[in-house]
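For reference, the chains in residue letters:
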Amino acid sequence: MNNNLSIREAELRSELRFELTQIEPDVLPAMARAIERDGECLIGGRWGGDDGDGCLLTLAAHALGLETGEQLLRDSISTVRIPALFDELWWSIVTRSGDQRLARKIIHRLITEALALRALQGAASTGSPTTTGFDSERSARAR
């Protein structure tokens, strides 16, 4: 594998993980629900779609009962950055591996790590454990 591509992919993973931890508290669990329920619909390089597939924001919006991912964009800079980071990471993984399933697993892992980090931050700030009841939050292992 091209070393520059490997370095950029690692940077993208880190940047996306960070941006995921910065989005609104209700959006990240919606992403986790969407990935757990509709993981096969996750596609990079495509915004929305009439056939139920799309990027992270599109799937999260659907999980929140919204029609489009664009409805989430007005909430934060992190939310605006996610589609670009997601698409570039998706492209990098699929180019390297030729496997969309692997790309989905890696993206799922980043979401679960962000959920776990947010749960730890919440527990640290309140002094007690927090749970939202999602399997993703309890295990960062890709399914």
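Heads up: the structure comes first, above all this text.
Residues numbered from 1 in each chain as written. Predicted model: local features only at pLDDT ≥ 70, side-chain atom pairs only at ≥ 80, totals over all residues. Heavy atoms only, no water.

**Here's the deal with the pattern of salt bridges**
Rules: Between Lys or Arg on one side and Asp or Glu on the other, a salt bridge is scored when a side-chain nitrogen of the former is within 4 Å of a carboxyl oxygen of the latter. What counts as a helix is a DSSP run of H or I of at least four residues, what counts as a strand is a run of E of at least two, and both are numbered from the N terminus. Burial classification: accessible surface area is computed with a 1.4 Å probe over protein chains only, and a residue below 20% of its type maximum counts as buried, one above 50% as exposed, and the rest as partly exposed.
Tallying each qualifying case throughout the model produces nine salt bridges. Among the ionic pairs, R81 bridges to E15, the shortest N-O distance being 3.1 Å. With a gap of 66 residues between them, R81 in helix α4 (residues 77-97) and E15 in helix α1 (residues 3-22) connect regions that are remote in the sequence. By relative accessible area, which is 34% here, R81 ends up partly exposed.

**Let's talk about the packing of aromatic side chains**
This is how it is decided: Think of it this way: a Phe, Tyr or Trp ring, Trp meaning its six-membered ring, pairs with another when their centres are within 6.5 Å, and the plane angle makes it stacked under 30 degrees, edge-to-face over 60, tilted otherwise.
This model, assessed by the stated rule, comprises one aromatic pair. Taking the centre distance of 5.7 Å and the plane angle of 40 degrees together, the rings of F86 and W90 count as tilted. Here the residue F86 and the residue W90 both occupy positions in helix α4, the gap between them amounting to four residues, near one helical turn. Classification of W90 as buried rests on a relative accessible area of 5%.

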